[in-house]
Amino acid sequence: MPHPHAWTLADVQALLDLPLNDLLYRAHGVHREHFDPNEIQLSTLLSVKTGGCPEDCHYCPQSLRYASGIDSEPLLPLDAVVERAQQAKAAGATRFCMGAAYRGPKERDLAKIIEYISAVKALGLETCATLGLLDEAQARRLAAAGLDYYNHNLDTSEAYYPEIITTRSYADRLKTLEHVRQAGMRVCCGGIVGLGETVKDRAELLLALSRLDPPPESVPINELVPVPGTPLAHTPKTDPIEFVRVIAVARILMPRAHVRLSAGRSTMSRELQALCFFAGANSIFYGEKLLTTPNNDTDQDHELFAALGLRPEAFPPADSGMDVHAG
Ligand code: SAM
Ligand code: DTB
Ligand code: SF4
């Protein structure tokens with residue numbers, strides 16, 4: 001097997017094209033080498049600032065350009081964020097991810113988000129934020145506040161990207177990821193399947209993710225949630241087997257990353273989710289809402305874990321900085 005950095009586009013295309021049983025066997029083998037295959041990490045999302053975004057991401061209901069029916073909401077008060085984080089912790093999540101509909105955070109908002117981060121971290125949860133583009137100083141301030149992960153996706157291939165977003169470039173995204181790394185935070189970076197991209201675009205996205213240096217610690221693989229009013233509302237649904245292939249190849253290319261079965265899970269059967277977990281997904285968004293769209297019912301998730309013999313990652317998470325032996 002080539003060194004991770006030596007993968008070529010042809011290799012990745014060949015992986016995506018393998019007979020499914022060969023691909024699954026290989027991906028599951030890589031998964032077992034690096035992780036307990038029966039453990040799953042749970043992240044809960046909260047939209048801390050919703051809608052009214054000036055960007056034009058064609059998939060996104062929060063862009064102010066599309067009539068998706070989302071009401072804009074300003075930044076939530078600190079106590080509301082803390083309450084939701086406490087609920088997430090009580091329900092068994094180990095990571096709390098705060099999302100904001102920005103091109104990038106404004107100074108006044110960043111100061112408030114820094115307060116959220118300190119308060120959520122004090123609960124012993126891992127913290128993650130997704131706030132759009134960051135400059136160097138902003139990344140440093142978030143890291144200093146105790147932010148463990150920053151989510152910023154490449155979304156699709158560089159070639160297909162201009163069909164999906166015109167208001168900021170692939171290069172802008174890579175710059176933000178560099179700032180996040182330089183500030184010492186862990187990177188959560190993935191993409192979306194089902195934007196109308198080709199299999200080659202998927203291969204290019206997966207290769208670009210694996211070539212981030214170092215590769216992301218967390219890789220969310222989203223299936224497009226088609227929201228009425230957005231330009232991609234009528235995009236044909238991805239073949240579920242094709243989706244599983246993307247998960248499997250992400251696992252092979254990024255053996256140590258948590259691969260997250262992300263948006264789109266609520267319309268997936270239990271069997272399809274089980275196949276994704278076999279293919280190497282070992283993290284999910286947990287809680288009944290993503291940012292603005294519905295996610296799976298938590299009781300049903302627990303039934304699924306029981307049926308599959310999956311154990312949620314224990315609390316406190318390994319990297320929370322909490323003393324495991326205290327209390
Ligand atoms: N505004 C920030 C940004 O774009 O970086 C942070 C929030 S944004 C909603 C985070 C990610 O959610 C996007 O990069 C995209 O990958 C994903 N996303 C948004 N809408 C989606 C949809 N309808 N279906 C699937 N994924 C979606
Ligand atoms: C990611 O890759 N997926 C999440 C998270 N990062 C922020 C967002 C999914 C959003 C789905 C559409 C919505 O609920 O608005
Ligand atoms: Fe704005 Fe982020 Fe939605 Fe793009 S994905 S429109 S940047 S909230």
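Refer to the structure printed above.
Residues numbered from 1 in each chain as written. Chains lettered and ligands numbered in written order. Predicted model: local features only at pLDDT ≥ 70, side-chain atom pairs only at ≥ 80, totals over all residues. Heavy atoms only, no water.

Q: Any chance you could break down the state of the cysteines for me, citing the residues and the numbers?
A: Counted by the stated rule, this structure contains zero disulfides. Not part of a disulfide, cysteine 97 finds its nearest cysteine sulfur in cysteine 128, a span of 3.4 Å. (Disulfide = S-S within 2.5 Å.)

Q: Residue-level account of helix 9 (residues 240–253), with values.
A: The terminal C-alpha atoms of helix 9 lie 20 Å apart, and with 14 residues this matches the ideal 20 Å at 1.5 Å per residue to within 8%. Counting buried positions over the 14 residues of helix 9 gives 11, a clear majority of the element. Listed in full, the buried residues belonging to helix 9 are Phe243, Val244, Arg245, Val246, Ile247, Ala248, Val249, Ala250, Arg251, Ile252 and Leu253. By the N-cap criterion, in which a side-chain oxygen at the helix start approaches the backbone nitrogen of a residue two or three places on, helix 9 is capped by aspartate 239, the distance to isoleucine 241 being 2.9 Å. (Helix = DSSP H or I, 4+ residues; strand = E, 2+ residues; numbered from the N terminus. Expected span 1.5 Å × (residues − 1). Buried < 20%, exposed > 50% of the residue type's maximum accessible area, 1.4 Å probe, protein only. Polar contact = N/O pair within 3.5 Å; in protein donor to acceptor, adjacent residues only side chain to side chain.)

Q: Explain a negative patch on the surface to me, and be specific about the residues and the numbers.
A: On the surface, Glu288, Asp297, Asp299 and Glu303 cluster together into a patch of negative charge. Relative to the helices and strands, aspartate 299 resides in helix 11 (residues 298–308). (Patch = residues over 30% accessible without salt bridge, like charges linked within 9 Å, V, L, I, M, F, W, Y side chains within 5 Å. Areas by Shrake-Rupley, 256 points an atom, 1.4 Å probe, with all protein chains shown as cover. Salt bridge = Lys/Arg side-chain N within 4 Å of Asp/Glu carboxyl O. Lys, Arg positive; Asp, Glu negative; His and termini not counted. Charge placed at Lys NZ, Arg CZ, Asp CG, Glu CD.)

Q: Describe the side chain of threonine 127, listing the residues and the values that go with them.
A: Mapped onto the fold, threonine 127 is located in strand 3 (residues 126–130). What threonine 127 contacts, discounting residues up to four positions off in sequence, is Phe96, Ile117, Val120, Lys121, Gly146, Leu147, Asp148 and Tyr149. (Contact = heavy atoms within 4.5 Å.)

Q: Break down the packing of helix 1 (residues 9–16) against helix 8 (residues 199–211) for me, citing the residues and quoting the values.
A: Following both chains from N to C, one finds helix 1 and helix 8 inclined at 120 degrees, their axes separated by 9 Å at the closest point. Between helix 1 and helix 8, the interaxial angle falls into the category oblique. As helix 1 packs across helix 8, the resulting crossing turns out to be right-handed. Along the contact surface, helix 1 presents Leu9, Val12, Gln13 and Leu16, while helix 8 presents Val199, Lys200, Arg202, Ala203, Glu204, Leu206 and Leu207. For the contact of helix 1 with helix 8, the per-class residue count stands at seven nonpolar, one polar and three charged. (Axes fitted to C-alpha atoms, helices over the stretch in contact; angles between N-to-C directions. Parallel < 35°, antiparallel > 145°, perpendicular 65-115°, else oblique. Left-handed = near helix turned anticlockwise from the far one by under 90°. Nonpolar A, V, L, I, M, F, W, Y, C, P; charged D, E, K, R; others polar.)

Q: Got a sec to walk through helix 1? Specific residues and values, please.
A: Within helix 1, the full set of buried residues consists of Val12, Leu15 and Leu16. Taken end-on, helix 1 shows its buried residues confined to a sector of 100 degrees, consistent with a single buried face. Considering only its buried residues, helix 1 is in contact with helix 2 (20–34), helix 8 and helix 9. (Arc of directions from axis to C-beta.)

Q: With reference to specific residues and values, describe the site of ligand 2.
A: If you check the shell around ligand 2, you find Leu45, Pro61, Thr130, Asn151, Asn153, Pro220, Asn222, Phe285, Leu290, Leu291, Thr292 and Thr293 and nothing else. Asparagine 151 is positioned such that a nitrogen or oxygen atom in its side chain is 3.1 Å from a nitrogen atom of ligand 2. Note that an oxygen atom of ligand 2 is positioned 3.0 Å from one of the backbone N or O atoms of leucine 291. Bound to the protein, ligand 2 loses 89% of the 410 Å² it would expose on its own. Split into classes, the residues belonging to the shell around ligand 2 amount to six nonpolar, six polar and no charged. (Near = heavy atom within 4 Å.)

Q: I'd love a proper account of the nonpolar core, names of residues and values included.
A: Soluble globular proteins: nonpolar side chains tend toward being buried together. Counting 90 residues, the largest nonpolar core has Tyr59 and Leu142 as its most contacted members. Of the residues forming this core, the biggest block, nine residues, is contributed by helix 9. Excluding residues that lie within four positions of it along the chain, tyrosine 59 makes contacts with Asp155, Ile164, Ile165, Arg173, Ile192, Leu195, Leu224, Val225, Thr230 and Leu232. Counting residues in hydrophobic clusters, the runner-up holds seven residues, among them Cys97, Cys128, Tyr149 and Phe285. (Core = buried A, V, L, I, M, F, W, Y, C linked by side-chain atoms within 4.5 Å.)

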